[in-house]
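Residues per chain, in single letters:
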Amino acid sequence: MPDVALLIDWENVYYTLRQHTTGPLPSTLSILQAILQKAAEFGPVRVKLAIFGQEVAAQDETLLMALEFTGMEPIAVAQRMSGRLLKGRSDAVLITRALKLLYKERQDIDYWFIVSGDRDLNALCKAIKDEDKHVYLIAGDKSLANELRDSPYLRDDVFLLEDLIPQARWTRTALRADDTQVDKPQPPAEIARRTPQRRGRLPVRVRAEPHVPAVVPTASPESDKEQRRLAVLLLDQLVALHARAMPRGDFVTSVVPLSQKEASSVLEQRIDAGIEQGTVLAKLEGRARAKAKQMLAPSMSSPLVAETIFHLVRVLRRIDTVTSKDTRRIPAVEAVLDPLSRADQPGGLARGRSQRRLLLETLFNIAEERGAIQTEQVEREGRQITMCWLAEGHPLVVYARQPAASIVHLFNFVASTRAKGERIDWVNQALFAELLSRVEGDGLESTMRRAVERGVMRPEEHGKKAGFVIDQAHDEVRTVLGEFDRLNGEVRPAPAPAALPAGELQALPAPTDAAIPAAAATDLATAAPRKRTRRGRRGGRGRRGGQGPKKAATGEAAD
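Each value, and the rule that gives it
Residues numbered from 1 in each chain as written. Predicted model: local features only at pLDDT ≥ 70, side-chain atom pairs only at ≥ 80, totals over all residues. Heavy atoms only, no water. Helix = DSSP H or I, 4+ residues; strand = E, 2+ residues; numbered from the N terminus. Buried < 20%, exposed > 50% of the residue type's maximum accessible area, 1.4 Å probe, protein only. Contact = heavy atoms within 4.5 Å. Areas by Shrake-Rupley, 256 points an atom, 1.4 Å probe, with all protein chains shown as cover. Core = buried A, V, L, I, M, F, W, Y, C linked by side-chain atoms within 4.5 Å. Pairing = 2+ DSSP bridges. Axes fitted to C-alpha atoms, helices over the stretch in contact; angles between N-to-C directions. Phe/Tyr/Trp six-rings, centres within 6.5 Å; stacked < 30°, edge-to-face > 60°. Lys NZ or Arg CZ within 6 Å of the ring centre and 35° of its normal. pLDDT = per-residue confidence, 0-100.

**Concerning the overall build of the chain**
When you go through the chain residue by residue, the secondary structure sums to 23 helices and 19 strands. Within the chain, the proportion of its 559 residues that are buried is 48%. At a minimum sequence separation of 6, the contacts of the chain that also span at least 24 residues come to 66%. Approximately 28,100 Å² of the chain is accessible, and the part contributed by carbon and sulfur atoms is 53%.

Written out as structure tokens, the structure is:
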């Protein structure tokens, strides 16, 4: 049998699976084994190369182990240059290694399997075909370039990842309405490929809501990166449910299915580490004692959480501000990451411009994983550029578009970085221009003015410096900082008791409604007081029974 060469652009495979499937990603080992099995059908695979970027490898710690298990040679490609994240560099390395094998090292190989669908491989496929070799492509249906798809001269056949990896839940059965190829006439061969009878498979239902696979973190549970990811996961779920907290068991099963026990245990470790570090609030309500019944919520007072969500809102609002009807998508690096990284921030965990840039890139990737940001690789002037836009209707996008979101999180972030004893509700006016001017654009002044008119904040000088003070009891502030059930606009504030004098009402703390829904609080405020019972006389909870409060009121001492 003839010898076979297998060259894999793992970055292409990884992003294809991440963008076009729902649910958890299949294991790296199973993906590589499926690709290797298809290539082995044509003969013994003598050359096995896998090219991948360092950023992709950092997100999947099992990659190197899977490559070693399948006997593939790993080739890592640096993706950072002067602090900038560069994508698409794996194609150049793949082409160089393939030509070296073709003309110098392995001229005897007759069958070539290229696992990628980028149009940059046109010249490589033509060169292999010119040497009377057989070329087969393995790629996703929607990541295969039209040139490679339409021209049989460039390849002998194409094997789709959708067929090789059926356990992945593929979502995209047609072009998106915002695709660059949506208006391009399709050739008859492409139309035939899109028919439901293709290979006897039924068409897959397309999810209307934006969704991408939930990526479970694989680094150390205590690391800042994993705790930031956990905070965004919690925020995404709570905003989608319009809830202030959610049971731990429901949160785990919403991120990873019950069948993925290993992934569930990994997420549980992150939650335990977050509770210990104070980035996650966990509380048992009522008589519940089971660990799965813990009510989880991100701790907005934690410096790490405050910094994470503040910059996440900045990234989302920056994309929302720059994109418009005329400009539907923008370059991720030049229009989002570069401008936002230039702003200096007071304190915080990310010190220095390089660390802030890395933080912004991490949050951009997390938002992309959660489906809030959509991306596409395009070629301009011979280089690959990542274009991005927001997914309409996504919970994180809806949350970031709240009128006071950026202002409230600016106050919350600044408060978390200040030392004890300093005022935590005052922010220098210069910080608004420094941190929010590139986010709000020309609308910063009007955004601040409307926030003052609505009572979210008020101007106040501190010494000789102009600044603003936030109203912590304002409805918009409470909504953004944790009371997500107010996002739907149906929650009514609980009325204050009318029996107390006006002077005492001013001394009472503002209601937080942290444990009681607003509707229930209203019912409790208007209902008649219940008569105290003698519950607990036999040693249960409340051992004093009905006599305890009476003795305390009359000043009698207990025996």
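The rest of the description comes next.
**Some remarks on the nonpolar core**
Judged by nonpolar contacts, the single largest core of 71 residues is most densely connected at F251, Y399 and F432. Once you skip the residues sitting within four places of it in the chain, F432 turns out to touch I407, L410, F411, V427, S437, L444, M448, M457 and F468. Residues V13, A39, Y136 and W170 belong to the second largest nonpolar core, which totals 32 residues.

**Observations regarding the sheet that holds strand β9 (residues 157-160)**
Across the sheet, six strands lie side by side as β4-β3-β1-β7-β8-β9; this open sheet has parallel pairing. Bordering the open sheet on either side are β4 (73-77) and β9, each of which pairs with just one other strand. Shown here is a sheet whose adjacent strand axes are inclined to one another by a mean of 20°, direction ignored. Across five bridges, the pairing between strand β1 (residues 4-9) and strand β7 (residues 111-115) is parallel. If you follow L6 over to β7, its bridge partner there is F113. Across the face of the sheet, helix α1 (residues 10-20) comes into contact with β1, β3 (45-53) and β7 while running at roughly 55° to β1. Docked against the sheet, helix α6 (residues 122-130) engages β7 and β8 (134-139), running at close to 150° with respect to β8.

**Some points on the packing of aromatic side chains**
Under the defined criterion, the tally for this structure stands at 13 aromatic pairs. The interplanar angle of 45° and the centroid separation of 4.7 Å between the aromatic rings of F42 and Y136 together place this pair among those described as tilted. Taken together, the positions of F42 in the loop between α2 (28-40) and β3 and Y136 in strand β8 put the pair 94 residues apart, joining distant regions of the chain. Look at Y136 and you get buried, because its relative accessible area is 11%. Joined through ring pairs, the aromatic side chains of F42, Y111, F113, Y136 and F159 make up one cluster. Over the face of the ring belonging to W389 we find R329, whose NZ or CZ atom lies 4.0 Å from the ring centre.

**Brief notes about the confidence of the model for the chain**
The predicted model of the chain has a mean per-residue pLDDT of 75, with 74% of residues at 70 or higher. Below pLDDT 50 for its whole length, residues 489-528 participates in 28 contacts with residues either more than four positions away or in separate chains. The low-confidence segment residues 545-559, where pLDDT is below 50, has nine contacts with residues more than four positions distant or belonging to other chains.

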